[in-house]
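Given next are the chains, with one letter for each unit.
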Amino acid sequence: MGTISIPSTDVHRLLDDSARPAVDTYQRAFADIAATHRGRAAAEIVPLLRRAADDALLGFTGTDLAEQAEAISRGTRYELRVRVTGR
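From N to C terminus, the protein chain includes four helices and two strands. Traced from its N-terminal end to its C-terminal end, the protein chain shows the element sequence β-α-α-α-α-β. Residue burial in the protein chain is summarised as follows: out of 87 residues, 25% are buried. When contacts within the protein chain are restricted to residue pairs at least 6 apart in sequence, long-range pairs at least 24 apart make up 67% of them. Accessible surface, the protein chain as shown: approximately 5800 Å² in total, 52% of it carbon and sulfur.

Pasting the structure below:
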């Protein structure tokens, strides 16, 4: 399970309908990668996730992507928690 933190001033980006296409695009890419790369090395998966995250303008860290890649490699569920900070 991963956790990302965003300042409270940016919460609107998560709730804004105009941002949904980018999130949906990443979710579709993640699902496609998970379906085709299960059992492969996480190091092989990370660049694919990075490209998808960059295309969707999502600011995942290398650690976030490594955790996601590891879940895909193992065929396990990945849950992302969003923590809103008080900035």
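Further remarks concern helix H3 (residues 42–55). The end-to-end C-alpha separation of H3 is 20 Å, in line with the 20 Å expected for 14 residues at 1.5 Å each. Within the sequence span of H3, burial applies to Ala42, Ile45, Leu49, Ala52 and Ala53. On an axial view of H3, the arc spanned by its buried residues comes to 95 degrees, and they lie on one face. Away from the buried face of H3 by more than 90 degrees, exposed residues Ala43 and Asp55 are located. Looking one or two residues beyond H3, the residue adopting positive phi is leucine 57, at roughly 60 degrees.

This part covers the pattern of salt bridges. The tally for this structure, following the rule as stated, stands at three salt bridges. The shortest N-O distance in the salt bridge between glutamate 44 and arginine 40 comes to 3.1 Å. You can call glutamate 44 partly exposed: its relative accessible area is 39%. One salt bridge connects glutamate 70 with arginine 74, and the closest N-O pair in it is separated by 2.9 Å. In this pair, glutamate 70 and arginine 74 are both assigned in helix H4 (residues 62–74), four residues apart and thus about one turn of the helix distant. On the basis of relative accessibility, which here comes to 58%, the residue arginine 74 falls in the exposed class.

What follows covers the side chain of serine 73. Position of serine 73 relative to the elements: it lies in helix H4. Note on serine 73: relative accessible area 16%, which makes it buried. Ignoring sequence-local partners within four residues, the contact set of serine 73 consists of His37, Arg38, Gly39, Arg40, Ala41, Ala42 and Ile45.

Looking now at the nonpolar core. Ranked by size, the top nonpolar core spans 13 residues in total, and within it Tyr26, Ile45, Leu49 and Leu65 carry the most contacts. Within the residue set of this core, elements represented by two or more residues are helix H2 (20–37), H3 and H4. Among the elements that take part in this core, H3 stands out by supplying five residues, more than any other. For tyrosine 26, the contacting residues outside a window of four places in its chain are Leu49, Ala52, Ala53, Ala56, Leu58, Phe60, Leu65 and Gln68.

Rules of the game
- Residues numbered from 1 in each chain as written.
- Predicted model: local features only at pLDDT ≥ 70, side-chain atom pairs only at ≥ 80, totals over all residues.
- Heavy atoms only, no water.
- Helix = DSSP H or I, 4+ residues; strand = E, 2+ residues; numbered from the N terminus.
- Buried < 20%, exposed > 50% of the residue type's maximum accessible area, 1.4 Å probe, protein only.
- Contact = heavy atoms within 4.5 Å.
- Areas by Shrake-Rupley, 256 points an atom, 1.4 Å probe, with all protein chains shown as cover.
- Expected span 1.5 Å × (residues − 1).
- Arc of directions from axis to C-beta.
- Salt bridge = Lys/Arg side-chain N within 4 Å of Asp/Glu carboxyl O.
- Core = buried A, V, L, I, M, F, W, Y, C linked by side-chain atoms within 4.5 Å.

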